[in-house]
Amino acid sequence: MNGFCLVTPASRGLGFAFAKHILTHSNLPVVATARHNCDAVRDQLLEGIDDKERLHVLPVDVTDESTIANMATHLRNTYPSTPLRLVLTVPGILHVEKSPSQIDAQNALHSFQVNTLGPMLLLKHLTPFLPTKSSPPFTPDQGLNLPSHAIYAMMAARVGSISDNATGGWYSYRASKAGVFQLAKTLDLYLKTRSGKRAVAVATHPGTVKTEFTRDYWGREMLSADEAAGRLINVLSTSMEGRGRCWDWRGDEVFP
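A short tour of the structure in this document, coming up. (Residues numbered from 1 in each chain as written. Predicted model: local features only at pLDDT ≥ 70, side-chain atom pairs only at ≥ 80, totals over all residues. Heavy atoms only, no water.)

This paragraph deals with the overall build of the protein chain. Along its length, the protein chain carries six helices and eight strands. Scanning the protein chain from its N terminus toward the C terminus, one meets helices and strands in the order β-α-β-α-β-α-β-α-β-α-β-α-β-β. Taking 256 residues into account, the globule formula puts the C-alpha radius of gyration at 18 Å, and the protein chain, at 17 Å, falls close to it. For the protein chain, the spread of C-alpha atoms along the three principal axes comes to 55 × 40 × 35 Å. (Helix = DSSP H or I, 4+ residues; strand = E, 2+ residues; numbered from the N terminus. Rg over C-alpha atoms; globule rule 2.2 N^0.38 Å.)

Spelled out as structure tokens, the structure:
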């Protein structure tokens, strides 16, 4: 059994790089999502890929649960007996507040809708597709070197770490990303009961990646999206001893 992979969203930046990396380095089926222009995103992801049938691009907006539910229905119909092997959920929005006076209620609410509630709704609908204790282990894949258990990875951020916060600011982004550390831990505890050693949940930190998301901060040392995606997938392919925790692109733990 090989399973399938899911990346959401995958229309640009790190999510696009994740989906492209999996398509390029493995033969696994991939489900990617975008809020709009799914056909264009599919065409871009398939550039240089020979096997075009193993990619599905679905419309998902993490602030609209009905689109996530529709994705789950598609997965049930398309992969009725195949579990998820690798899940990469990377929704993110940044509203910068350098001082408390800059906090805006609507912007802060938007941060939590995308950065915290979005991943929470995704795990609600995607967890049923992960293997259970009775599921057979995955067979070795060519290229990604994934382990025999499933991996559910959520994108956190080092600035969401309370223990690492030395500069302050970014109130809504820090607080909303701190929630992802908790989501990963809580989901992993559930998976220990449901799946045993067949599935784990982790949070990840990609480093400072040069994408449109970080355009205002270009100029410092940064990874490309392709570099960050490849390195994080390598980190995720290690043993399951790090389950429930947050890991960066170097394989170092980011403490809550």
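That was the structure; now back to the text.
Here we come to helix H5 (residues 171-195). Helix length check: H5 (25 residues) gives 36 Å between terminal C-alpha atoms against 36 Å at 1.5 Å per residue, within 8%. Trailing H5 by a residue or two, Gly196 shows a phi angle of about 60 degrees, which is positive. (Expected span 1.5 Å × (residues − 1).)

Counting 42 residues, the largest nonpolar core has Phe18, Ile22, Leu45, Leu55, Leu86 and Leu88 as its most contacted members. Filtering out sequence-adjacent residues up to four positions away, Leu45 remains in contact with Ala10, Phe16, Ala19, Lys20, Leu23, Ala32, Leu55 and Val57. By size, the runner-up hydrophobic cluster in this structure holds 36 residues, among which are Leu84, Leu121, Phe129 and Ala156. (Core = buried A, V, L, I, M, F, W, Y, C linked by side-chain atoms within 4.5 Å. Buried < 20%, exposed > 50% of the residue type's maximum accessible area, 1.4 Å probe, protein only. Contact = heavy atoms within 4.5 Å.)

Mapped onto the elements of the fold, Asp104 is located in the loop between strand E4 (84-89) and helix H4 (105-126). On the basis of relative accessible area, Asp104 is assigned to the partly exposed category, the value being 34%. Considered as a pair, Asp104 and Ser172 are 68 residues apart in the sequence and their alpha carbons are 9.2 Å apart. For Asp104, the side chain forms a polar contact with the main-chain nitrogen of Gln106, separated by 3.1 Å. (Polar contact = N/O pair within 3.5 Å; in protein donor to acceptor, adjacent residues only side chain to side chain.)

Time to look at the pattern of salt bridges. Under the counting rule described, the total for this entry stands at seven salt bridges. As a salt-bridge pair, Glu65 and Lys124 come within 2.6 Å of each other at their nearest N and O atoms. Of this pair, Glu65 sits in helix H3 (residues 65-78) while Lys124 sits in helix H4, placing them 59 residues apart in sequence. Given the relative accessible area of 30%, Glu65 is considered partly exposed. Classification of Lys124 as partly exposed rests on a relative accessible area of 49%. Glu253 is paired through a salt bridge with Arg245; the nearest N and O atoms lie 3.0 Å apart. (Salt bridge = Lys/Arg side-chain N within 4 Å of Asp/Glu carboxyl O.)

Okay, the pairing of strand E2 (residues 30-34) next. A large share of E2 lies buried, amounting to five of its five residues. Residues Val30, Ala32 and Ala34 point to one face of E2 and Val31 and Thr33 to the other, with burial holding for every one of them. Sheet topology places strand E1 (residues 4-8) next to E2; three bridges connect them, and they run parallel. Counterpart to Leu6 in the pairing with E2 is Val31. Between the parallel elements E1 and E2, the chain passes through helix H1 (residues 13-25) in a crossover that is right-handed. (Pairing = 2+ DSSP bridges. Right-handed = clockwise from strand over helix to strand, strands pointing away.)

Read across the sheet, eight strands follow the order E3-E2-E1-E4-E5-E6-E7-E8 without closing on themselves; strand pairing throughout is mixed. One side of each edge strand has no neighbouring strand; the edge strands of this open sheet are strand E3 (55-59) and strand E8 (253-254). Strand direction decides the pairing type here: E4 and strand E5 (residues 150-155), joined by four bridges, are parallel. Bridging from a neighbouring strand, Leu86 pairs with Ile151 of E5. Strands E1, E4 and E5 of the sheet are contacted by H4, whose axis makes an angle of about 165 degrees with E5. In this fold H5 packs onto E5, strand E6 (199-205), strand E7 (246-248) and E8, with an angle of close to 165 degrees to the strand it touches most, E6. (Axes fitted to C-alpha atoms, helices over the stretch in contact; angles between N-to-C directions.)

The quantities given are spatial measurements derived from coordinates; they are silent on function.
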